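Each chain is listed here by its residues.
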Amino acid sequence: MEIVFYKYQGAGNDFVMIDNRNNRIHLDTTAINLLCDRRFGIGADGLILLEDVDGYDYKMVYYNADGNESTMCGNGGRCIAAFAKQVGAADDNQFFLAIDGDHKANIREKDLVALQMKDIHFVERNEDHIILDTGSPHYIKFVNNTKEVKVFEEGSTIRNQKRFQPKGINVNFVQNTDNVLRIRTYERGVEDETLACGTGVTAAAIASASEKLGRQIIKVIAEGGELEVSFHKINDQNYQDIWLTGPATLVFSGSIII
């Protein structure tokens, strides 16, 4: 079978995009894993299908590089918005369905996309870490210097702790300096550090929110680029109107036979 694909990246978080509005493409775990393989396939952190669904511009179906369908991907959500416009599935203002529900996306300018994330209604605050779900579950650990963290070793250890099984958790190491966050993330499903994680960036921003209520805007620098998170803080447990903004860029397109 020959598949036409598009490769997108959002702050270094990269994805294989496939237009499946005709519902002709059905991929198993092995095929997805091969397409995402950086030596034997196209190479990506994940694969996303754009599909038709009633009541929305389109549906986003996201798979991790291990071939398994996963929870929400923030950078993937921004990339599919850019892709949807490119293939004519939507315009600049979009309304789409993902695994965690409804999302709005706005294409602000060329390669800059804002994605509305789900509201937060619970934040678990512990002595040395914070846990919350921004469409995917995240473990936030604040550190003095992200450059000194052994992300693979420490992230893998936390991700595989018994209390997070069977699905595991994404692990983020966050440095807060002058109201600018620096972040490094170990992603489950990829099972390695990625250059950026949209739901992780969002979780870090929420976890670092100041005590003041109301609108807040936080700049986050990932290894692959800069992102911005804005939200309305209701109280320490509730956050609404959350938007993740950053680049979403076409890298190349082609076809592959599997």
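About the criteria used
- Residues numbered from 1 in each chain as written.
- Predicted model: local features only at pLDDT ≥ 70, side-chain atom pairs only at ≥ 80, totals over all residues.
- Heavy atoms only, no water.
- Salt bridge = Lys/Arg side-chain N within 4 Å of Asp/Glu carboxyl O.
- Helix = DSSP H or I, 4+ residues; strand = E, 2+ residues; numbered from the N terminus.
- Core = buried A, V, L, I, M, F, W, Y, C linked by side-chain atoms within 4.5 Å.
- Buried < 20%, exposed > 50% of the residue type's maximum accessible area, 1.4 Å probe, protein only.
- Pairing = 2+ DSSP bridges.

## A few points about the pattern of salt bridges
Moving on, step 1. Counted according to the given criterion, the structure contains 12 salt bridges.
Moving on, step 2. When the shortest N-O distance is used, the salt bridge between Asp-92 and Lys-85 registers 2.6 Å.
Moving on, step 3. Taking the shortest distance from any N to any O, the salt bridge between Lys-118 and Asp-133 comes out at 3.3 Å. Pair noted here: Lys-118 is in the loop between β7 (112-116) and β8 (124-125) and Asp-133 is in strand β9 (residues 130-133), with a separation of 15 residues, a long-range link.
Moving on, step 4. Taken together, the shared-partner salt bridges in this structure form one network comprising Lys-7, Asp-14, Arg-38 and Asp-45.

## Considerations on the nonpolar core
Moving on, step 1. Counting 52 residues, the largest nonpolar core has Met-60, Ile-80 and Phe-231 as its most contacted members.
Moving on, step 2. One finds Ile-3, Ile-25, Leu-27 and Ile-32 within the second-largest nonpolar core, a separate group that totals 18 residues.

## Some remarks on the pairing of strand β5 (residues 93-98)
Moving on, step 1. With 2 bridges joining them, strand β4 (residues 58-64) and β5 adopt parallel strand pairing. Looking at the pairing, Tyr-58 lines up with Phe-96 of β5.
Moving on, step 2. Two elements, β5 and strand β6 (residues 101-109), share 6 bridges in a ladder whose sense is antiparallel. Opposite Ala-98, over in β6, you have Gly-101 as the bridge partner.
Moving on, step 3. What sits between the antiparallel neighbours β5 and β6 is a turn of 2 residues.

This is a description of form; function is not addressed.
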